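Coordinates in review
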Amino acid sequence: MMKQKTLFQGKLTKESDLFIPFLVAGDPHPDKTIHYALRLQEAGADVLELGVPYSDPLADGPVIQKAAKRALDAGMSLRKAVELVPELRKAGVNIPVVIFTYYNPVLQYGHEAFIEALEENGVEGLLIPDLPLEESEDLNERTKAKDIELISLVAPTSEERIKRIAEQARGFLYCVSSLGVTGERKEMAPETLSFIEKVKEHSSVPVAVGFGISSNDQVQLMRKHADGYIIGSKIVKMIESSLEVEKSGDEEEGLTYFSEEVHKLVKA
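What comes next concerns the included structure. (Residues numbered from 1 in each chain as written. Predicted model: local features only at pLDDT ≥ 70, side-chain atom pairs only at ≥ 80, totals over all residues. Heavy atoms only, no water.)

**Examining helix α7 (residues 137–145)**
The complete set of buried residues in α7 reads Leu139, Asn140 and Thr143. The arc that holds every buried residue of α7, seen down its axis, measures 105°, which confines them to one face. Exposed and oriented more than 90 degrees from the buried face of α7 are Glu137 and Ala145. Among the structural elements, α5 (103–109), α6 (111–120), β4 (125–127) and β5 (149–154) are those in contact with the buried residues of α7. Phi turns positive, to about 60°, at Asp147, one or two residues after α7. (Buried < 20%, exposed > 50% of the residue type's maximum accessible area, 1.4 Å probe, protein only. Helix = DSSP H or I, 4+ residues; strand = E, 2+ residues; numbered from the N terminus. Arc of directions from axis to C-beta. Contact = heavy atoms within 4.5 Å.)

What follows is the structure in structure tokens.
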């Protein structure tokens, strides 16, 4: 018997060369998030990571922290970010949407009510960077029951842990690979390569690499070695720049600038 596809897999049109951009929900306001999401989809995005702004973001650098502040100032919250998903759908975003949030707001929301909200609003995936595998059992069961993929993160830790995380992965596996210092690079450190290979060996879902990918050279590098690449800070930086372009022009000019920059970043 063929295994039934999850909602997430049903909306994924391919399993390699996945472009997974990250946006902060509500940066600088919800309508704009919809515009940027549509432009990313036009540029070939396969999955959208919708980040919930948080006041204490442990894993985020200054660029995403600034975006989170802009979104929080505009009144964005976990509930509103989830409720933005049907608005994205109405506007024409049809790729899987993964809600990226820290655990504390989920805890305050309550597991049951939160998963219910995800289901009601048609969210296909959930990613919680500060929730370790060992503590995710309850959410894992609840998301599975509602056909929502709980996306796992794997970092270069012990081999046994990599195997355990990779074997249980759903949707896609977020491989945290620090590319070392930022800047152009045409090759990858051997240890990063062997880490990606190891993860791919144990994973039955696409392995996407994120953290510090900021140039077309790095995108090409990821295309060679992983099933996908996740781009966060660089996309958020482009939003910042497009808002500057808008100041001296208009909204359409800002969005065109954004589209052109994204195309340059991910062109084959």
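**With respect to unusual backbone geometry**
Here the residue pair Asp27 and Pro28 is connected by a cis peptide bond, since its omega of -5° sits within 30 degrees of zero. Checked against the element boundaries, Pro28 lands in the loop between β1 (18–24) and α2 (30–42). For Asp17, which is not a glycine, the phi torsion comes out positive at approximately 50°. Take Asp17: it is sitting in the loop between α1 (7–11) and β1. With a phi angle near 60°, Asp147 is a residue other than glycine that sits in the positive phi range. If you trace the backbone, Asp147 turns up in the loop between α7 and β5.

**Topic: the sheet that holds strand β6 (residues 173–176)**
Spatially, β1-β2-β3-β4-β5-β6-β7-β8 is the arrangement adopted by the eight strands of the closed barrel, whose pairing is parallel. Pairs of neighbouring strands in the sheet enclose a mean axial angle of 25°, with direction left out of account. Bridging between β5 and β6 involves three bridges; their strand directions are parallel. Along β6, the bridge assignment pairs Val154 with Cys175. (Pairing = 2+ DSSP bridges. Axes fitted to C-alpha atoms, helices over the stretch in contact; angles between N-to-C directions.)

**Digging into the packing of aromatic side chains**
Inspection of every chain in the model, using the stated rule, returns seven aromatic pairs. Centre to centre, the rings of Phe100 and Tyr102 are 6.3 Å apart; their planes meet at 85°, and the pair counts as edge-to-face. Each member of the aromatic cluster is reached from another via a ring pair, and the members are Phe22, Tyr54, Phe100 and Tyr102. (Phe/Tyr/Trp six-rings, centres within 6.5 Å; stacked < 30°, edge-to-face > 60°.)

**Considerations on the pairing of strand β3 (residues 97–100)**
Consecutive side chains along a regular strand alternate between the two faces of the sheet. Side-chain alternation along β3 places Val97 and Ile99 on one buried face and Val98 and Phe100 on a second face that is also buried. With four bridges joining them, strand β2 (residues 48–51) and β3 adopt parallel strand pairing. By the bridge assignment for β3, Leu48 is matched with Val97. In this structure, β3 lies alongside β4, joined through three bridges in parallel fashion. By the bridge assignment, Ile99 is partnered in β4 with Leu126.

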